[in-house]
Structures are given as C-alpha cells and as structure tokens.
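Single-letter residue listing:
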Amino acid sequence: MSDRGTSDEPRNPTTSELQDAIVVLDDDECWDLLRHADVARLAIAINGKPDIFPINFVVDDHTIVFRSAPGTKLAAAVLLHDVALEIDGYEPLQRTAWSVVLKGRANQIEGMFDVYDAQDLPLCPWVAVPKPDFVRITPSEVTGRRFHIIDDIVPDASLGWKPVEAAPDAVVPEPGVE
C-alpha cells in the first residue's frame, strides 16, 4: 500500500471493461482469418493423452485440408476423427490479439477424384519429407475471439511483437529496458 491508502497492485477489471476487451468473432471473421493463416496447431488425443502438431493447411469450401505422412498425426486423424485446430495472431497497430478454434471430424481423403482435387489445392509440404496423404477436417464448431491488449503494456519483444514496419520511427524497447 502507498501512503495514500491505495494498493499498488493491479485492480480487477470491471464486467464492462472485460466485455470491451474481448470480442467474439462471427463465423465470417473466423473463416477470413483461417483463409489468411499460414500455420495452425492440430490438437489430437491418443490413448487419453493430448498432442499438438504444427501444420500448414488450406481452406477448401469451409473445410480444412492438410497433408500428412504415415504416423501419429495421420493415424489419430483417421482412426480417432475428433480433432481441434487453432490459429492465432496479433495486430500491433490496433493493439489486439486474436484466436480462432475449429473443432471437427478428420478423415483421410481417399477417393480417386477427391485425391486429384486435393492435389490441385495450393498446399505444399514445408518439410522435405514425402507427405502423400491428404486429410480433411469437417468442422462442427468454429469460434474466435479478439482481445484488446491492455494499455499499460508496451508491446515489445518479450510479447513476441516485432517493430511495426508501418511506422519506421516507432521505438520498441527491448524486454526489461525502460
């Protein structure tokens, strides 16, 4: 406590402040963010234990398609079916961060013409390992939220924020330097 009887600890935000700080994204906003994302995290559970894999993907007619090699990711997606996919990002100029979560059923694309269609998608593996299999996630739920970054925080490298190219004179302090 300071001499004036006020606490130096941060106060809890009011309900109104929380409502202003977190915005639920509508379906169109979620799909727009998904269409522009480069990488996502695919969450699966194997034998009751969670696992997460980074994947590159493409949106195809309100589904998600990714490539895979034989292994844990493909087996879980094909055998267990229920998966979650998450993307996130930030917009430094707007002082916002966002997250989109898609939950659904994953199935290996197997029909000859379906595989041909998948091969025509703009989807190339990032790793120099053959990934001959295609998996499609059909969503049952897509949700997203946008968060206002509190005004007291200076966006810097400790938050993963890089200097804003749109403002070349912007000074971004190093972590821990005031």
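Above this text is the structure in question.
The following refers to the structure shown.

Attention now moves to the packing of aromatic side chains. The geometry of an aromatic ring pair is captured by two quantities: the separation of the ring centres and the angle between the planes. Taken as a whole and judged by the stated rule, the model has one aromatic pair. Judged by centre distance (6.2 Å) and plane angle (75 degrees), the rings of Phe113 and Tyr116 are edge-to-face. Here Phe113 and its partner Tyr116 are both found in helix H4 (residues 112–119), three residues apart, which amounts to about one turn of the helix. Given a relative accessible area of 60%, Phe113 falls into the exposed group. By relative accessible area, which is 43% here, Tyr116 ends up partly exposed.

Turning to the nonpolar core, a few remarks are in order. The biggest cluster of nonpolar side chains holds 26 residues, and the ones touching the most others in it are Leu34, Phe57, Ile64, Ile87, Val100 and Ile137. Counting residues per element, the ones that place at least two in this core are helix H2 (27–36), strand S2 (40–46), strand S3 (49–55), strand S5 (64–68), strand S6 (82–91), strand S7 (96–108) and strand S8 (133–148). Val100 has contacts with Leu25, Cys30, Leu33, Leu34, Leu85, Glu86, Ile87, Val142, Thr143 and Gly144, leaving out every residue within four places of it along the chain. Counting eight residues, the second-largest nonpolar core is a separate cluster that includes Val58, Ala118, Leu121 and Phe134.

As paired strands, S2 and S3 are joined by seven bridges and run antiparallel to one another. Residue pairing in the sheet places Ala40 in a bridge with Ile55 of S3. Linking S2 to S3, which pair antiparallel, is a turn of two residues; within it Asn47 sits at a positive phi near 55 degrees. Pairing between S2 and S6: three bridges, direction antiparallel. Residue pairing for S6: Ala43 is matched across the bridge by Ala84.

Before going further, it helps to examine a nonpolar patch on the surface. A contiguous nonpolar patch, built from Val39, Trp126, Val127 and Val129 and spanning about 390 Å² of accessible area, is present on the exposed surface. In this structure, Val129 sits in the loop between H4 and S8. Taking the relative accessible area as the measure of exposure, Val129 reaches 41% and is therefore partly exposed.

Calculation criteria
- Residues numbered from 1 in each chain as written.
- Predicted model: local features only at pLDDT ≥ 70, side-chain atom pairs only at ≥ 80, totals over all residues.
- Heavy atoms only, no water.
- Phe/Tyr/Trp six-rings, centres within 6.5 Å; stacked < 30°, edge-to-face > 60°.
- Helix = DSSP H or I, 4+ residues; strand = E, 2+ residues; numbered from the N terminus.
- Buried < 20%, exposed > 50% of the residue type's maximum accessible area, 1.4 Å probe, protein only.
- Core = buried A, V, L, I, M, F, W, Y, C linked by side-chain atoms within 4.5 Å.
- Contact = heavy atoms within 4.5 Å.
- Pairing = 2+ DSSP bridges.
- Patch = residues over 30% accessible without salt bridge, like charges linked within 9 Å, V, L, I, M, F, W, Y side chains within 5 Å.
- Areas by Shrake-Rupley, 256 points an atom, 1.4 Å probe, with all protein chains shown as cover.
- Salt bridge = Lys/Arg side-chain N within 4 Å of Asp/Glu carboxyl O.

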